[in-house]
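Here's the letter readout for the chains.
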Amino acid sequence: MAANNFPVCLERFFRKKSNFILLLIGIGIGFSQVAGQPLKNQNQFLADQVRAEMQRSWHAYAEYAWGHDELCPISKGFHDWYSIPLFITPIDAYGTLKIMGFEKEAGRIERYVADSLSFDRDIFVKTFEVNIRILGGLLEMYDLSHDAKILNRAEDFARRVLPAFKSKTGIPSYYVNLKTGEAKGDTVNVAEGGSYILEMGVLSYFTNNPVYYQTAKKAERAIYSRRSPLDLVSQTIDIQTGQWVDSVSHIGACIDSYYEYLSKTWLLFGDPELKGMWDTSIVAIQKYIADDKSGMLWYGTVNSQTGKKVSSKITLWDAYFPALLALSGDMTRAEKLLQSWNWLWNKNGLEPMVYDYGKDEIIEPRYYLNPEIIESTYYLHHFSNDSIYLREGEKYFQDIMKYCRTDIAFCQVENVVTKKRSDALPSFFFAETMKYFYLLFSDKGNTFFDEHIFSTEAHPFSRNDFSFAEAKMRLGF
Ligand code: DMJ
């Protein structure tokens, strides 16, 4: 009976136009729930998974390597950069733990830094590396905790690094001794010479002392003023004579964060001189270095004086550049370039350290858990809101889970083809790789992006904490 009457009911139902419209709306809502809801859950699930993996790896560090610079994730030992440990992994990891809500773990780091850590050490440290990891990490720690003791630590550390800048050009030496202030190493690459201005600017702002910013700015000017007539910098410079040691120019490893900081320093503090440097540089980069190869966009290496192409080798660090392009408003090139990187990642499931796009050949097959492709994926997802970036990021995460996960944490891979592993876990995995994965998948990611500028080591600084007018006075520009 009921079955026979059913079509009659339907006919009556559809005869009423309003009922029909209601039905269409219902189907629409149903569809959007079926299509939209699982996607949202999938991203939330991924964010939770990243968070759980961060916690697991952090606990492994705390159990096997506490107090030391890095965890050895296969042998369950530790590795120190110098004869005395500097607590590099915890300082780098702090912000990620805090952003993910691991208050207890972050609090333990904060207390150790405030009460027990000393930088009064007779060791020569790499000026660039300790600036981006230690000073950047301490400043992020202060920005998130507002603990005055942490700011004192950061300032104490910066004072120990400043003697490195006492060269004839103002570009810092490769090494500086944290106790004696002795500096050594007169040859540096442009990234090592010109990536201090963001951290030093933040410190100047917090301490109301322009000396940090001005010192770093002098180095920035020293490099920029030696650019070629084509407005291109070379890769390596002598910090005493100011002479270039080579004549290659590119946007990748060994130059990368110099460009990054021209743009980001302008965005965080509003110093127009930095904007001018960036605007001039990016025009030259697009004119001479951008390279279309078989429909794919890459950025190779050219001669800085002639602009002539000298190499099509790129490194996995170069994958930061789509993020920088997106940040400066060039989404067309940013998206095209990131698709080249995505293609390269998917050839092997992890990206090689050095690749020749001209020859389609892997030159260095290592993958060291680097964050740059994930960083760019996060930026591009933010600016485009295109879910393709979530799915590409998901693939990177799955591959890292598949090839780099150990029973206690994650490890580097010596060869992306054979997937041979090595017993090392760099601090930037905690500071950057996991942070960018989490922010990409998490609901928080979009707002967080708008509110912050990330350092080259992914230490975020809250834009609200820095007014342009105050910066002008405190930084002295
Ligand atoms: C990080 O330490 C920083 O991002 C640096 O600027 C270069 N890349 C490494 C991680 O790959």
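See the structure shown above.
One structure accompanies this document, and this report is about it. (Residues numbered from 1 in each chain as written. Predicted model: local features only at pLDDT ≥ 70, side-chain atom pairs only at ≥ 80, totals over all residues. Heavy atoms only, no water.)

### Some words on the site of the ligand
No. 1: Residues in contact with the ligand, as listed here, are Ile132, Arg133, Trp317, Asn370, Pro371, Glu372, Phe428, Glu432, Thr456 and Glu457.
No. 2: Asparagine 370 has a polar side-chain atom sitting 2.9 Å from an oxygen atom of the ligand.
No. 3: Here glutamate 457 contributes a side-chain N or O atom positioned 2.6 Å from an oxygen atom of the ligand.
No. 4: Here the ligand, which alone exposes 300 Å², has 92% of that area covered by the protein.
No. 5: Put simply, the parts of the chain that give the shell around the ligand at least two residues each are α5 (127–145) and α16 (427–441).
No. 6: Taken together, the residues that form the shell around the ligand break down as 4 nonpolar, 2 polar and 4 charged. (Near = heavy atom within 4 Å. Polar contact = N/O pair within 3.5 Å; in protein donor to acceptor, adjacent residues only side chain to side chain. Areas by Shrake-Rupley, 256 points an atom, 1.4 Å probe, with all protein chains shown as cover. Helix = DSSP H or I, 4+ residues; strand = E, 2+ residues; numbered from the N terminus. Nonpolar A, V, L, I, M, F, W, Y, C, P; charged D, E, K, R; others polar.)

### A word on the pattern of salt bridges
No. 1: On inspection of all chains with the given rule, the structure shows 25 salt bridges.
No. 2: Residue arginine 56 pairs with glutamate 53 through a salt bridge whose shortest N-O separation is 2.9 Å. Of this pair, arginine 56 and glutamate 53 are both found in helix α2 (residues 17–64), 3 residues apart, which corresponds to roughly one turn of the helix.
No. 3: Notably, a salt bridge pairs arginine 221 with glutamate 273, separated by 2.7 Å at the nearest N-O pair. On the criterion of sequence distance, the pair formed by arginine 221 in helix α9 (residues 211–224) and glutamate 273 in helix α11 (residues 272–289) is long-range, its members being 52 residues apart.
No. 4: Here glutamate 273 falls in the partly exposed class, since its relative accessible area comes to 29%. (Salt bridge = Lys/Arg side-chain N within 4 Å of Asp/Glu carboxyl O. Buried < 20%, exposed > 50% of the residue type's maximum accessible area, 1.4 Å probe, protein only.)

### Let's talk about the packing of aromatic side chains
No. 1: In the structure shown here, the tally under the stated rule is 42 aromatic pairs.
No. 2: For the ring pair tryptophan 266 and phenylalanine 468, a centre distance of 6.0 Å and an interplane angle of 50° mean the geometry is tilted. Within this pair, whereas tryptophan 266 is found in helix α10 (residues 256–269), its partner phenylalanine 468 is found in helix α18 (residues 468–475), the two being separated by 202 residues in sequence.
No. 3: Taking relative accessible area as the criterion, phenylalanine 468 reaches 40% and is therefore assigned partly exposed. (Phe/Tyr/Trp six-rings, centres within 6.5 Å; stacked < 30°, edge-to-face > 60°.)

### Comments concerning the pairing of strand β9 (residues 290–293)
No. 1: Two elements, β9 and strand β10 (residues 296–299), share 4 bridges in a ladder whose sense is antiparallel. Across the sheet, residue aspartate 291 finds its bridge partner in β10, namely tryptophan 298.
No. 2: Remark: 2 residues form the turn of the hairpin made by β9 and β10, two consecutive strands paired antiparallel; serine 294 in that turn has positive phi of roughly 50°. (Pairing = 2+ DSSP bridges.)

### So, the packing of helix α3 (residues 88–99) against helix α4 (residues 103–115)
Geometrically, a packed helix pair is captured by the angle between its two axes and the distance between the axes.
No. 1: The interhelical angle for the contact between α3 and α4, taken along N-to-C directions, is 145°, at an axis separation of 9 Å. For α3 against α4, the interelement crossing comes out left-handed. The residues of α4 that touch α3, namely those facing Pro90, Ile91, Tyr94, Leu97 and Lys98, are Glu103, Glu105, Ala106, Ile109, Glu110 and Val113.
No. 2: Of the residues contributing to the contact of α3 with α4, the split by class is 7 nonpolar, no polar and 4 charged. (Axes fitted to C-alpha atoms, helices over the stretch in contact; angles between N-to-C directions. Left-handed = near helix turned anticlockwise from the far one by under 90°. Contact = heavy atoms within 4.5 Å.)

### Side note on the environment of isoleucine 285
No. 1: Residue position: isoleucine 285 is located in helix α11.
No. 2: As for isoleucine 285 and leucine 144, which are separated by 141 residues in sequence, their C-alpha atoms are 36 Å apart.
No. 3: Look past the residues within four positions of isoleucine 285 in its chain and what remains in contact with it is Leu232, Ile251, Tyr259, Ala290, Tyr299 and Phe321.

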